[in-house]
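Structural features, examined
Here are the chains, one letter per residue:
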Amino acid sequence: MPQVAITLAEGRTPAQIRELIHEVHAAVLRTVHTRPEYIRVVVHEVPRTHWATGDVTLTEMDAAPTEAAGTGAKEQS
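Residues numbered from 1 in each chain as written. Predicted model: local features only at pLDDT ≥ 70, side-chain atom pairs only at ≥ 80, totals over all residues. Heavy atoms only, no water.

Some words on the overall build of the protein
This is how the line gets drawn: Starting at the N terminus, helices and strands are each numbered in turn, a helix being any DSSP run of H or I of at least four residues and a strand any DSSP run of E of at least two. In this scheme, a residue with accessible area under 20% of its type's maximum is buried, one over 50% is exposed, and one in between is partly exposed, where area comes from a 1.4 Å probe on protein chains only. Throughout, the Shrake-Rupley method with a 1.4 Å probe supplies accessible areas, and for residues the shown protein chains are the sole cover considered.
For the protein, the helix and strand inventory stands at 2 helices and 4 strands. Within the protein, the proportion of its 77 residues that are buried is 18%. Accessible surface, the protein: about 5700 Å² in total, of which carbon and sulfur atoms supply 55%.

And the structure:
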(Lines give C-alpha, C1' and ligand atoms only; values in the text may rest on other atoms or scores of the structure.)
Protein backbone atom coordinates (compact mmCIF):
# COMPACT_ATOMS: atom_id res chain seq x y z
CA MET A 1 0.00 0.00 0.00
CA PRO A 2 1.80 3.15 -1.14
CA GLN A 3 1.43 6.14 1.13
CA VAL A 4 2.63 9.56 0.00
CA ALA A 5 2.98 12.38 2.54
CA ILE A 6 3.19 15.95 1.22
CA THR A 7 3.99 18.95 3.40
CA LEU A 8 3.08 22.41 2.11
CA ALA A 9 2.91 25.87 3.56
CA GLU A 10 -0.68 27.02 3.96
CA GLY A 11 -2.08 29.18 1.23
CA ARG A 12 -3.43 26.92 -1.51
CA THR A 13 -7.10 26.72 -2.36
CA PRO A 14 -9.03 23.51 -1.76
CA ALA A 15 -9.17 23.09 -5.54
CA GLN A 16 -5.37 23.27 -5.79
CA ILE A 17 -4.96 20.71 -3.01
CA ARG A 18 -7.51 18.43 -4.67
CA GLU A 19 -5.69 18.69 -8.02
CA LEU A 20 -2.38 17.89 -6.31
CA ILE A 21 -3.89 14.80 -4.68
CA HIS A 22 -5.32 13.70 -8.03
CA GLU A 23 -2.01 14.15 -9.89
CA VAL A 24 0.05 12.38 -7.21
CA HIS A 25 -2.45 9.52 -7.10
CA ALA A 26 -2.28 9.18 -10.89
CA ALA A 27 1.54 9.18 -10.86
CA VAL A 28 1.69 6.48 -8.19
CA LEU A 29 -0.91 4.40 -10.00
CA ARG A 30 0.99 4.72 -13.29
CA THR A 31 4.41 3.88 -11.85
CA VAL A 32 3.78 1.44 -9.01
CA HIS A 33 1.01 -0.59 -10.67
CA THR A 34 -1.09 -1.12 -7.57
CA ARG A 35 -4.83 -0.98 -7.06
CA PRO A 36 -6.20 2.59 -6.86
CA GLU A 37 -7.92 1.97 -3.53
CA TYR A 38 -4.57 1.04 -1.97
CA ILE A 39 -2.98 4.44 -2.64
CA ARG A 40 -2.95 6.91 0.23
CA VAL A 41 -2.10 10.59 -0.26
CA VAL A 42 -1.88 12.81 2.81
CA VAL A 43 -1.38 16.57 2.57
CA HIS A 44 -0.10 18.37 5.65
CA GLU A 45 -0.48 22.15 5.64
CA VAL A 46 1.86 24.09 7.89
CA PRO A 47 1.14 27.66 8.97
CA ARG A 48 3.54 30.06 7.24
CA THR A 49 4.61 31.30 10.70
CA HIS A 50 5.78 27.77 11.53
CA TRP A 51 8.01 27.20 8.47
CA ALA A 52 11.43 28.82 8.29
CA THR A 53 14.41 28.75 6.00
CA GLY A 54 17.64 30.30 7.19
CA ASP A 55 15.93 31.47 10.39
CA VAL A 56 13.36 33.49 8.43
CA THR A 57 9.74 32.37 8.46
CA LEU A 58 7.68 32.27 5.30
CA THR A 59 5.48 34.99 6.80
CA GLU A 60 8.56 37.18 7.25
CA MET A 61 9.64 36.41 3.68
CA ASP A 62 6.17 37.35 2.43
CA ALA A 63 6.43 40.73 4.18
CA ALA A 64 9.92 41.51 2.85
CA PRO A 65 10.31 43.48 -0.37
CA THR A 66 10.80 41.19 -3.36
CA GLU A 67 14.30 40.93 -4.77
CA ALA A 68 12.94 41.18 -8.29
CA ALA A 69 11.41 44.61 -7.90
CA GLY A 70 8.35 45.21 -9.98
CA THR A 71 7.35 41.56 -10.42
CA GLY A 72 4.88 41.55 -7.58
CA ALA A 73 4.92 37.76 -7.67
CA LYS A 74 5.04 35.82 -4.43
CA GLU A 75 6.69 32.42 -4.58
CA GLN A 76 4.82 29.71 -2.70
CA SER A 77 6.60 26.92 -0.85
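Some thoughts on the environment of Val4
Short version of the rule: Residues count as neighbours in contact if any of their non-hydrogen atoms are within 4.5 Å of one another.
By secondary structure assignment, the location of Val4 is in strand β1 (residues 3-9). In this structure Val4 comes out as partly exposed when scored by relative accessible area, which is 23%. Residues Val4 and Val41, spaced 37 residues apart in sequence, show a C-alpha to C-alpha distance of 4.8 Å. With sequence-adjacent residues up to four places away left out, Val4 is seen in contact with Val24, Val28, Arg40, Val41 and Val42.

Observations regarding the pairing of strand β2 (residues 40-46)
Inclusion rule: Only when DSSP finds a minimum of two bridges between them are two strands counted as paired.
Looking at chain direction, β1 and β2 are connected through 7 bridges and run parallel. Note that in β2 the partner of Leu8 across the bridge is Glu45.

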